[in-house]
Amino acid sequence: MEGRGLRGGCTAQAPLHTFEPLQRTALNRVFAVVYSCAIIALLYRHTQILLYSTTLLSFSMTLSLLISDLVLAFMWACGQAFRMRPIRRKEFAENLKGIMKEEDFPGLDVFICTADPHKEPPMNVVNTALSLMAYDYPKEKLSVYVSDDGGSALTLFAFMEAAKFACHWLPFCREHNIMDRSPRVYFASNYHSWSPEIEEIKEIYENMKVRVGNVVNRGEVSEIYITNDQEREAFDKWRGAFTPQDHPTVIQVLLDNSTDKDITGHCLPNLIYVSRQKSKTSPHHFKAGALNVLLRVSTIMTNAPIFLTQDCDMYSNDPQTPLRMLCYICDPAIERTLGFVQFPQRFRGINRDDTYGCEYKHLGEIHPMGFDGLRGPYYCGTGTFFLRQALFGDPSTSVKSEILELRPDRIMNKPIKSPDILALAHHVASCNYENQNKWGYKMGFRYGSLAADIYTGYRLQCDGWRSIFCNPKRAAFLGNAPLNFVDVLSQCKRWAIGLLETASSKYSPITFGTKSMGLLMGLGYSYQALWPILSIPVTVYAFLPQLVLVSGVSVFPEITEPWFLLYLFLVLGAYGQDFLEYVLEGATFRKWWNAQRMWMIRNLSSFSFGTAEYFLKSIGLSTCGFNVTNKVVDDEQNKRYSQGIFEFGVPSPLFVPLTMAAIINLFSFIWGTILVFGGSNEEGLLLQMLLAGCIVVNFFPIYEAIALRNDKGKMPTKITIIATLLAGALYTATSFIFKR
């Protein structure tokens, strides 16, 4: 394959990219020093009170608050790594032409993963693939691999239809130079002018959509939709004992750029469907396992030096994204150690105020910019261009592959449909191939964590690779955020388990990471990996001060004490810095408010459950699985979401601690108000009342779901009853303890 080598660079006259430190860096450093002093003072106060405690009860309460504040202090210190040297980059893709010709561009493989045709509708995956196939990139150098981990004939049929539609869609995009190259997005937009050609291509798309929809609704590919013997032979593989959990490898070359042409005579990119072998007796390692199969199969078939990993619902929003990536990969100053280029995850369909905080402003933009000033951002699992070599060893040495054909520097000299190539591709996709070798541990995407994406990126950086954060004004990719509340919380619970698996592994960021990458990178990754332990202080502060408030007991300083100002500074300083970062990155106050509310909610529910499940798994009492996030939302849910209304509906255990906290804080706030107006130690209880009041304001959607709504998304009565009984039990226990 010609043009596989990486060539190019940048000159002073025509830079490919630049970067600049953010202006708030100096302020961040000064604030870090001042805030550190305040934290030390707070811990000193806790220690003094602890040492002079006269009762077991006061000792226990102070110890709980001390542990909580130690966790908060440690996580704050780790988080400062992102604020020491944040940078913003800019690319100049137009300068590439002065450095390299289009025919010299390196080959590019694209990996798209899907796992369930019912939770991830095939037409959505097809739209993602078509948007990537339509890149402004030489089609003879582009290959798209689709991993169907659900082993569904429905998905294969959808991509057979997509291959036919691509013959019309790709030349249409090229001739009209459109930016929205996902057909669904383009035809849903109202800013393109009408023309007979647009109507014709839209009709072809709608006909394809109807055929795929009919097949999905029927649950099988009937004879009327099979047009030739080649298709019939492909679908015959689903006969007999074929199940999603137990089936042989299926590899189908749907488009071959050496033979297939579009309607204008231009070649089409390779399009290859892969469903790896599955067996109930063999571990499959979820998405990381699927990506490793794609990595091996693509190394056998096309072996492009660069590959893109993409979620099935994240379509291309900018056809020139690969050119932006080349601005970094073709720079000789960083090419030798560059492992991957990460683009941010951005989402369409989020309502105006981002009710569920799904933009993840910190995770998606602010923290990666901070990492980028060090050794580069973490791998987010999608929107990432990898150098293939990075998955086969460190920058100086390669891990020896078990077969010669799996070398990343191998020159391709056989067509992808040749029997030898297809036989070898089937072999490396078998479920037993990874037995007794280094895949998943020294090579490929790493196993050992449910959060395999961040774990893989972390391990690559520990091996000496660096990364780049590319954040153009126009989003490179757009996807669908989960719009169902329980899906949001369940996704975060899965992340919590995976992150704790990373933190507790022998490659823990606190020790191994700091030793391998330096203090700041180690602290930054420690913040990511230990993010779930924030559930400890959040849970303590959501319940303990409010429960003792009912008994008139103060755990915070009185308003007249100097320590009161310390608490005020610590709270307002943390929230103020967080708000400032959000606003400077283009967010509104309402979005920031919802994000901080979801921070509290996730810690009380997702992270608490995730932390508990991780520890149960650690002692062998629980098994963690990977649940595919549902990408299907009904019209009623969508309407409520667009109005900013929380969606409860199902009786999930994740709602119980939230409802308990809502009940306890409301009752304590009302009871505290009664005590204050009754003249009972109002100065000592003020901070507790402010804390309870803040939580009450944040949890208004929960009160609304309990008492003010009658739609299907209201809080289930079962959850309300359970939470009320548990809250009552906590109050009873607290009252009994203080009476003694």
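For clarity, every value in this text was computed on a predicted model and none was experimentally measured.

Conventions and cut-offs
- Residues numbered from 1 in each chain as written.
- Predicted model: local features only at pLDDT ≥ 70, side-chain atom pairs only at ≥ 80, totals over all residues.
- Heavy atoms only, no water.
- Core = buried A, V, L, I, M, F, W, Y, C linked by side-chain atoms within 4.5 Å.
- Buried < 20%, exposed > 50% of the residue type's maximum accessible area, 1.4 Å probe, protein only.
- Helix = DSSP H or I, 4+ residues; strand = E, 2+ residues; numbered from the N terminus.
- Contact = heavy atoms within 4.5 Å.
- UniProt positions renumbered as here; feature names shortened; annotations may be inferred.
- Polar contact = N/O pair within 3.5 Å; in protein donor to acceptor, adjacent residues only side chain to side chain.
- Pairing = 2+ DSSP bridges.
- Axes fitted to C-alpha atoms, helices over the stretch in contact; angles between N-to-C directions.
- Patch = residues over 30% accessible without salt bridge, like charges linked within 9 Å, V, L, I, M, F, W, Y side chains within 5 Å.
- Areas by Shrake-Rupley, 256 points an atom, 1.4 Å probe, with all protein chains shown as cover.
- Salt bridge = Lys/Arg side-chain N within 4 Å of Asp/Glu carboxyl O.

## Description of the nonpolar core
Step number 1: Core analysis: the largest hydrophobic core is formed by 80 residues, its most contacted members being Phe159, Trp169, Leu271, Leu326, Val341, Phe385 and Phe477.
Step number 2: Top element by residues in this core is helix H4 (residues 153-176). It accounts for 16 residues.
Step number 3: Here leucine 326 is in contact with Leu96, Phe105, Pro106, Tyr137 and Ile306, once residues within four sequence places are set aside.
Step number 4: Counting 70 residues, the second-largest nonpolar core is a separate cluster that includes Ala529, Ile533, Leu604 and Ala723.

## Focus on unusual backbone geometry
Step number 1: With a phi angle near 50°, aspartate 354 is a residue other than glycine that sits in the positive phi range.
Step number 2: Among the structural elements, aspartate 354 can be located in the loop between strand S10 (347-348) and helix H11 (361-372).
Step number 3: For glutamine 436, which is not glycine, the phi torsion reads 60° and is therefore positive.
Step number 4: Relative to the helices and strands, glutamine 436 is located in the loop between helix H12 (419-428) and helix H13 (452-462).

## Re the UniProt feature "binding site: UDP-alpha-D-glucose" (unreviewed entry) in the protein chain
Step number 1: In this structure's numbering, the residues bearing the UniProt feature "binding site: UDP-alpha-D-glucose" (unreviewed entry) are Lys119, Glu120 and Asp149. The named residues occupy 31 residues along the chain; their greatest pairwise C-alpha distance, 12.5 Å, places them in one compact cluster.
Step number 2: Mapped onto the elements, lysine 119 comes out in the loop between strand S3 (108-114) and helix H3 (122-133).
Step number 3: By secondary structure assignment, the location of glutamate 120 is in the loop between S3 and H3.
Step number 4: Here the side chain of glutamate 120 touches threonine 114 through a polar contact of 2.8 Å, side chain to side chain.

## Side note on the sheet that holds strand S11 (residues 384-387)
Step number 1: Strand order in the open sheet formed by eight strands is S5-S6-S4-S3-S7-S11-S9-S12, and the pairing between neighbours is mixed. Looking at which strands have only one partner, the edges of the open sheet turn out to be strand S5 (250-255) and strand S12 (466-469). In this sheet, adjacent strand axes meet at a mean angle of 20° when their direction is disregarded.
Step number 2: Strand direction decides the pairing type here: strand S7 (residues 306-311) and S11, joined by four bridges, are antiparallel. Each bridged residue has a counterpart across the sheet, and for threonine 309 the counterpart in S11 is threonine 384.

## A few points about the side chain of glutamate 647
Step number 1: Considering the arrangement of structural elements, one finds glutamate 647 in the loop between helix H21 (635-642) and helix H22 (655-677).
Step number 2: One polar contact links glutamate 647 to arginine 640, side chain to side chain, over a distance of 2.7 Å.
Step number 3: Once residues within four sequence positions are removed from consideration, glutamate 647 is found in contact with Tyr356, Asn484, Phe485, Val486, Gln637, Arg640, Phe655, Lys712 and Gly713.

## Some details on a nonpolar patch on the surface
Step number 1: Nonpolar side chains collect at one region of the surface, where Leu565, Leu568, Val571, Leu572, Tyr575 and Trp599 lie side by side and expose about 540 Å² of accessible area between them.
Step number 2: Top element by residues in the nonpolar patch is helix H18 (residues 562-584). It accounts for five residues.
Step number 3: By the element assignment, valine 571 lies in helix H18.
Step number 4: Taking relative accessible area as the criterion, valine 571 reaches 46% and is therefore assigned partly exposed.

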